[in-house]
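Here are the chains, one letter per residue:
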Amino acid sequence: MNRSARDEILTRLKGTSPGELPPRPEMPPLRELALSPEEMIAKFTEELVLQEGVVHRVKSNDEVLMKLTEIAASEGLKEVIVSTDDVVAALDLPSWGKNHGVTVRSSADFSDRNAFKDEAFTKADAGITGADYAVAESGTLGSIHDKDQPRLLSLAPIMHIAIVPVARMVAVYEQATEAVYGEKKTIPPHFTFITGPSMTADIKATPFKGMHGPRRLIVILIG
C-alpha cells in the first residue's frame, strides 16, 4: 500500500462517526445470590474441597483453638507465623502456642524485613491468618493485606490456615470487590483472592499444586 492510499484510508476513518454503543444486555440474576447463609457455606465448602482445600466448621473461638490443637498434632506443627488482624488477635495464639509446644511469631517479632521473610519462607510450618471475605461461588478467600496481615503470611509458608467468621461469607466475587473498592476514598494496597492451594500449569500444561505457594490450605469457619 502506497503512502497516499494509506493516508486516504486514515482520513476516512477519522471522519467516520463512531455512533452510539448499543446498550449492554441485562444479565440474568446469578443463582448464587438466592442462596441462604447455610447454603452459601455448603457451596463454599464444596467448591474449596474440589480444589483440594480443607474446611472445618466451629462455633466459637474456644473451638477454633481446639481445632488448631488437632491440626498442630496431626500435621506436626512446631513453628507458625501469624497475622495480627482482629480475628487472629482475639485468639491469643502466643499463649495457645506455649501451652501446646508451638512457637508462635508475628511480623512484629522481627527486627527487619529480611528476617521476617526468612521465617516465612524457610522456617514456619504454617501461616495463620484471618480473611476478610469467603466467596461461596468458587470456594475463594478474599484478604486485604496491610501491616496487620502481611501478604507473605498466606503465600510463603508451606501451609496456610485461614480463620473466617461465617458472617464474612458472600455469594459472588462482585460483592467482595464492591465492598473493598466501591466508592471508597481509601483503597487497600493489596487485595488477594485465594482459591485452594497454590497451583501452576507452567510445566507441560499439567496442573501442579504447591509450586509457588502453600501446598495445603485449611479454612476454619467460625459460627
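Each remark here, short or long, concerns the structure printed above.
The sections below set out a description of the structure shown in this document.

Reading guide: rules and limits
- Every chain is numbered independently, its residues counted from 1 as its sequence is written.
- Local features are withheld for residues below a pLDDT of 70 in this predicted model, meaning they are given only at 70 or higher, and side-chain atom pairs are given and counted only at 80 or more; totals for whole chains, interfaces and linings count all residues.
- Note that water and hydrogens are dropped before the side-chain values are worked out from all heavy atoms of the structure.
- Under the DSSP-based scheme used, a helix requires at least four consecutive residues in state H or I and a strand at least two consecutive residues in state E, with every element numbered from the N terminus.
- The buried label goes to any residue with under 20% of its type's maximum accessible area, the exposed label to any with over 50%, and the partly exposed label to all in between, with areas taken from a 1.4 Å probe on protein chains only.
- In this analysis, two residues are considered to be in contact whenever any of their non-hydrogen atoms come within 4.5 Å of each other.
- The pairing test for Phe, Tyr and Trp rings, Trp by its six-membered ring, is centres within 6.5 Å, and the orientation test on the planes gives stacked under 30 degrees, edge-to-face over 60, and tilted for anything in between.
- Strand pairing is defined by DSSP finding a minimum of two bridges between the two strands.
- Axis definition: a line fit to C-alpha positions, over the contact stretch in the case of helices; interaxial angles, taken between N-to-C directions, run 0 to 180 degrees.
- Between 65 and 115 degrees an angle is taken as roughly perpendicular, under 35 as roughly parallel, over 145 as roughly antiparallel, and anywhere else as oblique.
- Rotating anticlockwise by less than a right angle from the far helix to the near helix defines a left-handed crossing, while the corresponding clockwise rotation defines a right-handed one.
- In this scheme, patches are assembled from residues that exceed 30% relative accessible area and form no salt bridge. Like charges are connected within 9 Å, while nonpolar side chains (Val, Leu, Ile, Met, Phe, Trp, Tyr) are connected within 5 Å.
- Exposure was quantified through the Shrake-Rupley algorithm and a 1.4 Å probe, taking into account, for residues, occlusion by the shown protein chains and nothing else.
- By salt bridge we mean one thing: a side-chain nitrogen of Lys or Arg within 4 Å of a carboxyl oxygen of Asp or Glu.

### A look at the overall build of the protein
- When its secondary structure is counted, the protein shows 8 helices and 12 strands.
- Counting all 223 residues of the protein, 40% fall into the buried class.
- Pairs at least 24 residues apart make up 74% of the contacts formed inside the protein by residues separated by at least 6 positions.

### Some details on the environment of Glu137
- With respect to the helices and strands, the residue Glu137 is situated in the loop between strand 5 (133-135) and strand 6 (140-145).
- Note on Glu137: relative accessible area 22%, which makes it partly exposed.
- Residues Glu137 and Arg31, 106 residues apart in the sequence, show an inter-C-alpha distance of 9.5 Å.
- Among all residues touching Glu137, those that are not within four sequence positions of it are Glu32, Lys43, Glu47, Ala171, Val172, Tyr173 and Glu174.

### Here we look at the packing of aromatic side chains
- Scanning the entire structure with this criterion turns up 5 aromatic pairs.
- Each member of the aromatic cluster is reached from another via a ring pair, and the members are Tyr133, Tyr173, Tyr181, Phe191 and Phe193.

### Description of the pairing of strand 4 (residues 126-130)
- Within strand 4, 5 of the 5 residues are buried, leaving the element largely enclosed by the surrounding structure.
- Judged by which residues are buried, strand 4 turns out to be covered on both faces: Ala126, Ile128 and Gly130 on one side and Gly127 and Thr129 on the other are all buried.
- Sheet topology places strand 2 (residues 79-82) next to strand 4; 3 bridges connect them, and they run parallel. Bridged to Ile81 within strand 4 is Gly127.
- The sheet contact formed by strand 4 and strand 7 (residues 159-165) spans 4 bridges and is parallel. Along strand 7, the bridge assignment pairs Gly127 with His160.

### Focus on unusual backbone geometry
- One non-glycine residue with positive phi stands out, namely Glu52, at about 70 degrees.
- Backbone geometry places Asp92, a non-glycine residue, at a positive phi of 50 degrees.
- In this fold, Asp92 is placed in the loop between helix 4 (86-89) and helix 5 (93-100).
- Note on Asp92: relative accessible area 40%, which makes it partly exposed.

### Overview of the packing of helix 3 (residues 61-75) against helix 5
- Interhelical geometry of helix 3 versus helix 5 gives an angle of 45 degrees and a closest axis separation of 11 Å. The orientation of helix 3 relative to helix 5 falls into the category oblique. Relative to helix 5, the crossing made by helix 3 is right-handed. Residue-level contacts link Leu65, Leu68, Thr69 and Ala72 of helix 3 to Leu93, Trp96 and His100 of helix 5.

### Here we look at a nonpolar patch on the surface
- Together, Ile9, Leu10 and Leu13 line one region of the surface with nonpolar side chains, adding up to about 260 Å² of accessible area.
- Along the polypeptide, Leu13 turns up in helix 1 (residues 3-14).

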